[in-house]
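Remarks on the overall topology
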Amino acid sequence: MEAATVKKGAVEGSATWSLVDRIGLAICWALGLLFCAIAVAIVVYLFVQGIKFLKPSMLVTPAASGFTESESGGFSDALIGTLIVAVMGISIALPAGVAIAVWLVEYGRPAILARITESTIEAIAGIPSIVLALFGTVIFSSTAVGFLSRETEGVVFGRSFFAASAMLSLVALPLIVASTREGLNSIPRHVREASYAVGKTKAATTRRILLPSCRPQVATGMMLGLGRIVGDTAIIVVLLGATQNFAPVEGAPFPLNYLRGAGTTLTNFVYEASPTGNLNQPQKAYAAAFVLLLMVLVLNGAADVVHRRARKVGTWSS
Amino acid sequence: MEEELTPEYGPKWSDQRVERMLGALVCFVVGLLLAMIIVVFIKGWPSFAHNGLSWFGPGGDVDDQLNAIFLSGQSGAEYVYTFHAWPLIWSTLLITGGAVLIALFSALFVAVFIVEFAPDWMSNILQPVVRFLASVPSVIYGLLGVLVLVPFIGNNLISEPQKASVAGVISLTGYSLLAAVTVLTIMIAPLMVSIFSDGLRSVKPGWLEGSLALGVNRWRTTWKIAVRSARPAIVAGTVLAVARAIGESVMLAMLSGSVGFAPNPADGLIFIYEPSRPLAPTIIKNIDQLSSPPGSATLFSIAAVLLFSAATFSLAGSVARRAMRKYGAA
C-alpha cells in the first residue's frame, strides 16, 4: 500500500522514454479506451433498443403463438421462470457452497480429501455448462427421480424447473465456495482461539462468530452466482424443455405442478427470439435482453457495493 | 451476550457430527463430478467404439453424417454411428485459438495499464468495465452479434467478388469465423484481465523499486520485472480462458454459422469470412436428437471430448496458480 502511494505521487512522465516504449503506452491507452467503448456501446445500444421496443404489457402477458410481433404476446412466463430458477438454484447452491467452504477452511481433514475437493471445485468451474446439461438429462430422466418432472407411463421426461435449478446450482457453486473461503481465510487465528477459550465448540464458533463476520463475502459470492444462474442459457435450453410457456403437470398440488413442468426463462426467450432461433422476433429479443441486462447490472452493482463495504468495515487486525 | 455462553449446541451439533455431515456433503460433490465424468464417457462410448480414432479425423460431410445418425435412430433400422468430427474440431481450434491469442495480447496490455500506468480515475472506470464485460450473459453477446455484427460483416466487409468466388462451395452471409472470434474475444478477455492484474499487483514492490533505482524507466521495469514475475498468473488466466472458450456453446451457436465446414487458411484471407460450427454448438443445435440411441451416443461423445479438454485446461490453470502461490506472488 505504502509503495503504491509513493509511486503514484512521484510519477515519472513518459516524455523521456524511447519511442517504442511510448508506442506501447499508447497501445495501453487505446485498448483501455476500447474496452470502455465496447461496454458503453453494449449498454447504450441495448438501452436504446430496449426502451424503443419494451412495452409494459410485455412483462405481464405470456407468449402466444402468432406470426407477427404484435400477435405473439410478451414474455411474462420467461420473466417469472428466470426468478423461479434464480431462487431455486441459489437456495441449493448457497448452503452447499458455504458448507463446502467451511469444511475446506475449518476442518479439511484428511488433507488428501481437501486437495481433491479443491480440484473438484475448480474442475466444476471449468466444465462447460452444456456438458452439465447433458449430464442433467441422464440424472433426471431416471425413473428414481421421476417425481421431479413429467412422468407418463413410466417414461420420465426429465425436463423441469427442478432439473434445471439443480444443474444451475452447480454453475453458481464454485463462485460461492471461492468467495466464502476468501472471507473465512481473512479472519485471523486469534479470533477462533478467543472463542474456543470461552468454551465454544468449533461448530458453534463457525455458526456464531465466523459465518456472521464473513457475511459480506458470502453475499458477494451469492450475487455473482445469481448473475451466472440468470445468464446461463445452455442448461435452460436443454433441461427446461423447449417451450415458451409454462407447461404445468396435471394432478399435482399448486407450486409443484409448475415446478415439475417445463418452462422458459429470459435467456431462453432471447435465444429463441433471435434471428437464429425458432421465433425470430428481434424486437422482442431486444426487449427481453434489455430486461436481462438490467437484472445482471443490478446484481453486479449489488455485489460491488457489498464488496466495497466489506473492505471498509472488515479489518480484524486493526 | 449472557445467553450466548450457555451450551446451546448439545450433542445434536457436536463437532464430530458437524464434521461428518460436512464431510459427507463434500464427498457427495466429489462423487457427483466423478459420476459425471463416468456417465458422459459411458454414454458416448458407442460412438468412439464404432469410429475408433477416425472419430477425430476428417472424411465426408459432417452434417450428412449427423443426419444419417439421427435418421437411423428414428427409422428403427440398423443404427449408424459413422462420424468424423474433424471440421467441428478444426472450427473449435480456429475460433478458440484466434480468440485466445487476441485476448491474450489485449488483456495483457489492459492489465498492465490498470495496475501500473492508468491514472486513478481511469483505472476506477476500467475495473468496473472489465467486471461488467465478464458478467454480460453470453446470449446477449450472441444477440448483439447476430443483429449488429453479422449484418455489418455480411454487407460491408465481404465484397461481391469474394462471395461469388466461393459460391459453389459455401455462401458467405456474415456468419463467420470473424464474427465468432471477435465476440468470443470480448467475452474471455475480461476474465484474463482480472487474473493478470491480480498477478501483477502481487509482484513484490522491492523488485520494481530495485529496477527503478537502476534508472530503468517504468515501462521497461513493468515488462521486464512485473510481467515476467507474474508469468504463472498469465499462464493460469490464459488456460482458464481457453477452458471457457472451448465450452462456449450458445453464443457460438448463434454466430458461427452452423455449417459443418472446415475453413481453410490456405485459401487466403477469405477463410475468416467462412462459416463453420465448433463442437459445443453442435450439441445445442441437435439437442432434440437426444432421445434416439445413436444420436445420444454421438452427442455424449462430443460432450466427453469437451469435458476432457476443458477439465484438463482448468486443472492445468489451477496447478499454475498453485505454483504462483508457492513463489509468493499471490
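Residues numbered from 1 in each chain as written. Chains lettered and ligands numbered in written order. Predicted model: local features only at pLDDT ≥ 70, side-chain atom pairs only at ≥ 80, totals over all residues.

1. Observations regarding the overall build of chain A
Secondary structure summary: chain A contains 14 helices and two strands in total. Along the first, second and third principal axes, the C-alpha atoms of chain A reach 65 × 60 × 35 Å. Counting over 318 residues, chain A shows a buried share of 47%. Looking at chain A alone, contacts between residues at least 24 apart form 69% of all its contacts between residues at least 6 apart. (Helix = DSSP H or I, 4+ residues; strand = E, 2+ residues; numbered from the N terminus. Buried ≥ 20, exposed ≤ 12 C-beta atoms within 10 Å, placed from the backbone. Contact = placed C-beta atoms within 7 Å.)

2. Focus on the overall build of chain B
Within chain B one finds 13 helices and zero strands. Listed by position from the N terminus, the elements making up chain B come as α-α-α-α-α-α-α-α-α-α-α-α-α. Overall, the C-alpha framework of chain B stretches about 75 × 65 × 35 Å when taken along its three principal axes. By the burial criterion, 50% of the 330 residues in chain B qualify as buried.

3. Focus on helix H7 (residues 161-185) of chain A
Across its 25 residues, H7(A) extends 35 Å between first and last C-alpha, which sits within 8% of the 36 Å expected from 1.5 Å per residue. In terms of burial, H7(A) is largely enclosed, as 22 of its 25 residues are buried. (Expected span 1.5 Å × (residues − 1).)

4. Re the environment of Gln283(A)
All names here are of chain A. Structurally, Gln 283 is set in helix H14 (residues 282-313). Distance in space between the C-alpha atoms of Gln 283 and Leu 54 is 8.3 Å, their sequence separation being 229 residues. Those residues in contact with Gln 283 that lie beyond four places of it in its chain are Phe 53 and Glu 69.

5. Concerning helix H8 (residues 189-197) of chain A
Burial analysis of H8(A) places just zero of its nine residues in the buried class, which makes it a mostly uncovered element. Residue Gly199(A) follows H8(A) closely and has a positive phi angle near 90°.

6. With respect to the environment of Ser274(A)
Note on placement: Ser274(A) falls in the loop between helix H13 (266-273) and H14. Judged by C-beta crowding, with 26 C-beta atoms within 10 Å, Ser274(A) ranks as buried.

7. Examining the packing of helix H2 (residues 19-53) of chain A against helix H4 (residues 120-135) of chain B
Closest axis-to-axis distance for the H2(A)/H4(B) pair is 9 Å, and the angle between their directions is 50°. By the angle between their directions, the pair H2(A) and H4(B) is classed as oblique. For the element pair H2(A) and H4(B), the recorded crossing hand is left-handed. Counted together, Gly32(A), Phe35(A), Cys36(A), Ile38(A) and Ala39(A) of H2(A) and Met122(B), Ile125(B), Leu126(B), Val129(B), Val130(B), Phe132(B) and Leu133(B) of H4(B) form the full contact between these two elements. (Axes fitted to C-alpha atoms, helices over the stretch in contact; angles between N-to-C directions. Parallel < 35°, antiparallel > 145°, perpendicular 65-115°, else oblique. Left-handed = near helix turned anticlockwise from the far one by under 90°.)

8. What about the interface of chain B and chain A?
The parts lose accessible area when they come together, and the size of an interface is often stated as this lost area. Tallying the contact residues gives 76 residues for chain B and 67 residues for chain A. In terms of residues, the side of chain B that touches chain A owes the most to one element, helix H1 (residues 15-51) of chain B, which gives 14 residues. Across the side of chain B that touches chain A, the residue classes break down as 57 nonpolar, 11 polar and eight charged. (Nonpolar A, V, L, I, M, F, W, Y, C, P; charged D, E, K, R; others polar.)

9. Re the nonpolar core
Ranked by internal contacts, the top residues of the largest apolar core, which has 197 residues, are Val270(A) and Ala288(A). The greatest single-element share of this core, amounting to 18 residues, is contributed by helix H3 (residues 86-117) of chain B. (Core = buried A, V, L, I, M, F, W, Y, C linked by C-beta atoms within 7 Å.)

10. Regarding unusual backbone geometry
Residues Arg109(A) and Pro110(A) are joined by a peptide bond in cis, for which omega reads -10°. The phi dihedral of Ser258(B) is positive, around 55°, even though this residue is not glycine. Residue placement: Ser258(B) occurs in the loop between helix H11 (250-255) and helix H12 (279-285). On the neighbour-count criterion, Ser258(B) (18 C-beta atoms within 10 Å) is partly exposed.

11. A look at the confidence of the model for chain B
Residue and element names in this part refer to chain B. Confidence in the prediction for chain B averages 87 pLDDT; 94% of positions are at 70 or higher. At the low end of the mean pLDDT range in chain B sits helix H6 (residues 160-165), at 82; at the high end sits H3, at 93. Counted against residues more than four places away or in other chains, residues 1-6, with its pLDDT under 50, gives two contacts. Across the whole predicted complex the pTM is 0.89, and at the interface the ipTM reaches 0.88. (pLDDT = per-residue confidence, 0-100.)

12. Comments concerning the environment of Tyr81(B)
Residue and element names in this part refer to chain B. Note that Tyr 81 resides in the loop between helix H2 (62-75) and H3. A C-alpha to C-alpha distance of 44 Å links Tyr 81 and Leu 108, two positions 27 residues apart in sequence. The residues touching Tyr 81, leaving out its near neighbours within four places in the chain, are Pro 46, Ser 47, His 50, Asn 51, Ile 69, Pro 294 and Ala 297.

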